[in-house]
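Breakdown of the fold
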Amino acid sequence: MWLDDGVCVIISNGLSRVCVTGVLLGLSLSACVRQANEGQVDKTAADIRRTGFGIPHIRASDERGLGYGIGYAYAQDNLCLLANEVVTVNGERAKYFGAQQSTLEERDNLTSDVFFTWLNTPEAVATFWSAQSAQMQQRIEGYVAGYNRYLKERTAQGLPAQCQGDWVRPINPQDLVKLTRRLLVEGGVGQFAEALVGATPPQLGAVTQPDARAFEVAAQHQQRFALDRGSNALAVGGERSFNGRGMLLANPHFPWFGGMRFYQMHLTIPGQLDVMGAALPGLPVVNIGFNQHVAWTHTVDTSKHFTVYRLTLDPKDPTRYLVDGKSIPMHKTQVTVQVKGADGNSAAQSHTVYSSQFGPVVQWPGKLDWDAQYAFSLRDANLGNDRVLQQWYAMNRAASLEELQASVHTLQGIPWVNTVAADDRGQSLYMNLSVVPNVSAEKLEQCSDPRAGLEIIMLDGAHSACAWDIDPRAAQPGIFSAQQLPQLARKDFVQHSNDSAWMVNPQAPLTGFSPLISQEQRALGARARFALQRLRDLAEQPITVADLQNMVMDNQVYLASQVMPDLLKFCEANHDVGLKPVCVSLQAWDQKANLDSGLGLVHFINLHKQLRAVPQLWRVAFDPAQPQTTPRGLAIERAPVAKALREAMLASAAQVAQMGLKDGARWGDIQVAGNTPIHGGPQELGIYNAMQSVPRADGKREVVSGSSYLQIVTFDDSGPKAQGVLAFSLSSDPASPYSQDQTRAFSEKRLSPLPFTEQQITADPQYRVQVISEK
C-alpha cells in the first residue's frame, strides 16, 4: 500500500497484507524498496518494522537512511515532545509562551531562554558539528529529514492537540546538536542556570534576576539529580551465571516526561550494525542496550564534572579579577531573547552574562555571593566534550567487551555516568570513565578551602597553579585520562547504584582516587546494600533471569529489614491511642512496595522523611570496615530518638487521615501513572525499583521519574536473549495505542521478550512494516 510519495506499508501476521503478496516478508520488503527506488540512485530509504508495543526495528543500507528511519519513527511516537524540547534548547520559550510560564523542569521560561541562548551559540554549535564524523553527520541529517517528513504528513492531517501552534516547525541538524549539548551539561552548569542568569556585579542591578523561589526549585533539582537520573546496574560474570555466560540487568531511573525520556528502538545496517535498546530524545544512537556480543547500561556517577573557582576581585572594579596578581577583565556576553508581551507581540530583551577564563560567573544567594571581594566562576568539563555521540556510536558497534572498553578509553565521551557491561564470554565490567576535571588530591589540598567540603569542589582562582592539570593521554585538555579512572573486570559480578566506585565488588574495593573521581569510606546507599545482600543470598546457587527480575520486581524495602524490629518493639512498649493506627499498619505491612502493600508503607515513608535528620538515630553507626551492614537499627533506647519517633508517628497518623486513606488502602490506590497503579517507591528506602512520585489534586501520587527502560540480557550460542519493558511506554502522545500499553505491562510486572533476530522480529504477532524513502 502506497500511502503517499515514497511510503510503502506492509501489514502482516494475521492482518491484511498489501503492497505485494507472498510468503516471505523479506521478498515483499525488497519489492517495495525496488519500487520506491526505481529510477533513483542511492536514494535514502529505510524500513520501519514494528513489533509488540510498537517497538520500531529500523533497517537501512547506509547511515543517512538509518537516521531517516529513526527520525520518522520517533516523530510518529513523540512529535510534540521533540518539538517542545527544540523550542527549549533554542531559547525560544518566552517568545512563544511568555516569560512567566515554566518548563517541565519548573524553570521559568525567561531564565531557560537566557541560559540556552548562552549555551548554544552559533559558534559552539558549529564547532560541535564540525567535530562529528562524516557518518554521524549523515545519520543526523537523515534523522532531520525523517522527522520533517513525518511533520509535513502530520500537519496535512492535523497536528496533535498538544502541539498546535507556530512554535512547531521543521528541525535542522543544529537543533539536534543543541539537544545533545543540553544533555552534556545536565551534570554541570545545567544545574546552575538560575545562578548564571542571576549573576550581577554589586550595585549594578540585573535586567533578569530570578527570584528566591527559582533558587529554591533549583536547589531541589540539584538534590534530586541522582534520584531523577539515578540507576541500578548489575553485570553477572560466568562464575555466577546460570549458563556460564554474561548477564546484564539494566534498571535506569530517569524522568517519565520531557527531554530525558527514553525511547526504545532497534537499529540495523546489514553487515555493519545491529543494536537494540533505548535512546534519549533527539539522539540517533542507542544509549543503553545490547548487540550480538555485548550488553551495557549506565548509572549516574558521583564523580565531579565541574569545579567552582573563587575569584578574588580587583578592589577597583568588581568586574575584574586577579590571577597571580594581574587584574583581568571579565568577559561580557550580551544575550538577547524574544519575549511575548501581553499584546501577543514579541520584543527583544537583553541580559549580560559575565565570564572569567574558567567559565561563566554564577551567583547563588547565601551560597555563592558576588560582592566587592569575591565572585564565583564555574568550569564545566563537558562543555569541551564533542565526542559524546561518537562514543555511543562506537559502543553500539563493539564486537566484544574489550572493544567496548577500548572505545571508552580512547574517546572518553561518556559525560556523567558509569558504564556496566557483560558479554557472551562470561565477563563483567565496570567503568567510571566519564569526563572528570583533572584535579589531584594534592592539588585539592593546596587549592581548595576545606570549609567548602567536597559536595561542590571550590578552587582558588587567584593562582594559575590551581588550574586543572593537563594529561597528554587524555582525550581532552584538563580532564583525567582513562588510565587514572576506576574500572574493574570480574568473572563473578560488578554492580552499581549511584554510589562511588568503592564497593562495585567488595572483593576488590576501588580506592586511592582523587576525591573528584571517587570517595571511599563513605556509607553506601540503601539500594547498593540491598543489591549486595541479595547477591550474598544467591551465593550458593547460579543466578538466573528470574533472580535478576525479582531484584527489581519483588519491591523489597531494604531499609525495613534494618529498622522494623525496633519500630515494632517501640509499638509494643507504647500504648498511646494516637500511635495505634500507625502501629497496626506497620505490623500488617509486608515490608514491600507492591500494589497490594498496605498503609504501613505510607507510614514508613513518612517516618523516614521525618527521622532521617535526627542525630544519633542509628543504634550501630556507619563503620567503614563494615560498609555492607552499617548503619543499622533505630536507637529507640535513646530518649531524643524515642521522642522524635513518637512525634513522627503522630504526624504520620494525622497526614494519612488528612489524605482520607482508610485502613484497607493499598499502595496501588495511591501511586499511579494517570489511571494505572504503579509499584515501587522512594529509592532512599532501599527499594531497588525506585520511583519518585508527587502529590496531585485528587490525593493520589503521580509518578514523575523512576524505573524507565528495564532490560535483562543473557547470551547463548545464537546470540543475545533479552526481555524488558519501557515503564512509561513508547509514545508520549495520549492518542497513540503505544502510550499506555507498556505502562500497564509494567504495573503487572510483565517483561516481554525483545525481538532481535530476523526470525524473532518477523514471527512477532504484531509485526508490521512501513518502508519510506525520500521524495
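What counts, and at which threshold
Residues numbered from 1 in each chain as written. Predicted model: local features only at pLDDT ≥ 70, side-chain atom pairs only at ≥ 80, totals over all residues. Heavy atoms only, no water. UniProt positions renumbered as here; feature names shortened; annotations may be inferred. Helix = DSSP H or I, 4+ residues; strand = E, 2+ residues; numbered from the N terminus. Rg over C-alpha atoms; globule rule 2.2 N^0.38 Å. Buried < 20%, exposed > 50% of the residue type's maximum accessible area, 1.4 Å probe, protein only. Contact = heavy atoms within 4.5 Å. Areas by Shrake-Rupley, 256 points an atom, 1.4 Å probe, with all protein chains shown as cover. Lys, Arg positive; Asp, Glu negative; His and termini not counted. Charge placed at Lys NZ, Arg CZ, Asp CG, Glu CD. Salt bridge = Lys/Arg side-chain N within 4 Å of Asp/Glu carboxyl O. Polar contact = N/O pair within 3.5 Å; in protein donor to acceptor, adjacent residues only side chain to side chain. Domains from an automatic or database assignment. 1 Å grid on protein atoms, 1.4 Å probe; cavity = no way out; pocket = protein on both sides within 12 Å on 5 of 7 lines; lining within 4 Å. Points joined across faces, edges and corners; volume = space filled by probe spheres on them. Nonpolar A, V, L, I, M, F, W, Y, C, P; charged D, E, K, R; others polar. Disulfide = S-S within 2.5 Å. Expected span 1.5 Å × (residues − 1). Pairing = 2+ DSSP bridges. Phe/Tyr/Trp six-rings, centres within 6.5 Å; stacked < 30°, edge-to-face > 60°. Lys NZ or Arg CZ within 6 Å of the ring centre and 35° of its normal.

Per an unreviewed UniProt entry, the recorded name for the protein chain is Acyl-homoserine-lactone acylase, and the organism is Pseudomonas mucidolens. Per UniProt, the protein chain has the following entry under Subcellular location (unreviewed entry): "Periplasm".

**Brief notes about the overall build of the protein chain**
Each helix and strand counted, the protein chain has 20 helices and 32 strands in total. Relative to its length of 775 residues, the protein chain is compact, with a C-alpha radius of gyration of 27 Å against a globular reference of 28 Å. Within the span of the protein chain, comprising 775 residues, buried residues form 60% of the whole. At a minimum sequence separation of 6, the contacts of the protein chain that also span at least 24 residues come to 68%. Approximately 29,200 Å² of the protein chain is accessible, and the part contributed by carbon and sulfur atoms is 51%. With 67 positive and 74 negative side-chain charges, the protein chain shows a separation of 2 Å between the mean positions of the two kinds.

**Focus: the side chain of arginine 240**
The residue arginine 240 is located in the loop between strand S5 (231-236) and strand S6 (247-255) in this model. Buried and without a salt bridge, arginine 240 has aspartate 492 as its closest oppositely charged side chain, separated by 5.7 Å. There is a polar contact of 3.5 Å between the side chain of arginine 240 and the backbone oxygen of leucine 538. Those residues in contact with arginine 240 that lie beyond four places of it in its chain are Lys491, Asp492, Phe493, Leu535, Leu538, Ala539, Pro542 and Ile543.

**Re the domain arrangement of the protein chain**
Accessible area lost upon the coming together of the parts is a frequently used measure of interface size. For the protein chain, the domain assignment lists domain 1 (44-197) and domain 2 (559-679). Computed from C-alpha coordinates alone, the two centres of domain 1 and domain 2 are separated by 43 Å.

**What to know about the side chain of asparagine 251**
With respect to the secondary-structure elements, asparagine 251 resides in strand S6. At a separation of 2.9 Å, a polar atom in the side chain of asparagine 251 contacts the side chain of asparagine 232. There is a polar contact of 3.1 Å between the side chain of asparagine 251 and the side chain of histidine 253. Non-local contacts of asparagine 251, meaning those with residues more than four positions away in its chain, are made with Ser231, Asn232, Val552, Tyr688, Ser707, Tyr709 and Leu710.

**Describing empty space enclosed by the protein**
Applying the stated criterion to the full structure yields five cavities of 30 Å³ or more. Taken as a whole, the largest cavity encloses approximately 120 Å³ of empty space. Surrounding the largest cavity, 14 residues form its lining, Phe254, Leu280, His298, Trp392 and Val417 being those nearest its centre. For the lining of the largest cavity, a count of residues per class yields 10 nonpolar, four polar and no charged.

**Focus on the pattern of salt bridges**
What the rule picks out here adds up to 30 salt bridges. For arginine 182, the salt bridge is made with glutamate 85, and the minimal N-O distance between the two is 2.7 Å. Here arginine 182, found in helix H7 (residues 173-184), pairs with glutamate 85, found in helix H2 (residues 63-89); they are 97 residues apart in sequence, far enough to count as distant. On the accessibility criterion, arginine 182 (7% relative accessible area) is buried. Note on glutamate 85: relative accessible area 2%, which makes it buried. Residues aspartate 698 and arginine 696 are paired through a salt bridge, measuring 2.9 Å at the closest nitrogen-oxygen approach.

**Digging into the state of the cysteines**
Inspection of every chain in the model, using the stated rule, returns three disulfides. One disulfide bridge connects cysteine 447 with cysteine 466, the sulfur atoms lying 2.1 Å from each other. Measuring handedness by torsion sign, the sulfur bridge of cysteine 447 and cysteine 466 sits at about -85° and is left-handed. A residue pair is termed long-range when its members are at least 10 positions apart, and cysteine 447 in helix H12 (residues 441-447) and cysteine 466 in the loop between strand S20 (458-460) and strand S21 (487-490) qualify at 19 residues. Residue classification places cysteine 466 among the buried residues on the basis of a relative accessible area of 5%.

**Observations regarding unusual backbone geometry**
Omega for the peptide link from threonine 630 to proline 631 comes to 0°, which places this bond in the cis form. The phi torsion at asparagine 498 lies on the positive side, around 70°, for a residue other than glycine. Structurally, asparagine 498 can be placed in the loop between strand S22 (493-496) and helix H13 (526-537).

**With respect to helix H17 (residues 599-611)**
Helical geometry: 3.6 residues make up each α-helical turn, so side chains three or four residues apart lie on a common side. Helix length check: H17, at 13 residues, gives a terminal C-alpha distance of 18 Å against a target of 18 Å (1.5 Å per residue), a fit within 8%. The element H17 is largely enclosed, with a buried count of 11 among its 13 residues. Every buried residue of H17 is accounted for by Leu599, Gly600, Leu601, Val602, His603, Phe604, Ile605, Asn606, Leu607, His608 and Leu611.

**Quick look at the layout of surface pockets**
The calculated volume of the second largest pocket comes to roughly 510 Å³. Looking at the lining of the second largest pocket, the elements with two or more residues in it are H2 and strand S28 (701-707). Per element, the largest residue contribution to the lining of the second largest pocket is four residues, and it comes from H2.

**Considering the environment of glutamine 519**
Mapping glutamine 519 onto the fold places it in the loop between S22 and H13. Owing to a relative accessible area of 13%, glutamine 519 belongs among the buried residues under this scheme. With 216 residues separating them along the chain, glutamine 519 and serine 303 place their C-alpha atoms 8.6 Å apart. If sequence neighbours within four positions are ignored, glutamine 519 has contacts with Lys304, Leu454 and Ser500. A polar contact is formed between the side chain of glutamine 519 and the side chain of arginine 522, at a distance of 2.7 Å.

**Observations concerning the pairing of strand S10 (residues 294-300)**
Burial analysis of S10 places seven of its seven residues in the buried class, the great majority of the element. What you see with S10 is no split at all: Val294, Trp296, His298 and Val300 on one side and Ala295, Thr297 and Thr299 on the other are buried throughout. Sheet topology note: the strand S9 (residues 288-290)/S10 ladder contains two bridges and is antiparallel. Directly across from phenylalanine 290, in S10, lies its bridge partner alanine 295. In this antiparallel pair of consecutive strands, S9 and S10, the connection spans three residues. Bridge count between S10 and strand S18 (residues 417-423): seven bridges; the pairing is antiparallel.

**Description of helix H10 (residues 388-397)**
For H10, the tally of buried residues reaches seven of 10 residues, placing the bulk of the element in the interior. Turning to H10, its buried residues number three or more, namely Val388, Leu389, Gln391, Trp392, Tyr393, Met395 and Asn396.

**As for the packing of aromatic side chains**
The full count for this structure, using the stated rule, is 14 aromatic pairs. Judged by centre distance (4.8 Å) and plane angle (75°), the rings of tyrosine 74 and tyrosine 263 are edge-to-face. Linking tyrosine 74 in helix H2 with tyrosine 263 in strand S7 (residues 263-269), this pair joins segments that are 189 residues apart in sequence. With respect to burial, tyrosine 74 and tyrosine 263 carry one shared label: buried. For the pair phenylalanine 290 and phenylalanine 756, a centre-to-centre distance of 5.3 Å together with 45° between the ring planes defines the contact as tilted. Placement of the pair is phenylalanine 290 in strand S9 and phenylalanine 756 in the loop between strand S31 (752-753) and helix H20 (758-762), with a sequence separation of 466 residues. Given a relative accessible area of 0%, phenylalanine 290 falls into the buried group. Members of the aromatic cluster, joined through ring pairs, are Phe115, Phe116 and Trp118. The cationic tip of arginine 379 hangs over the ring face of tryptophan 468; the distance from NZ or CZ to the ring centre is 3.7 Å.

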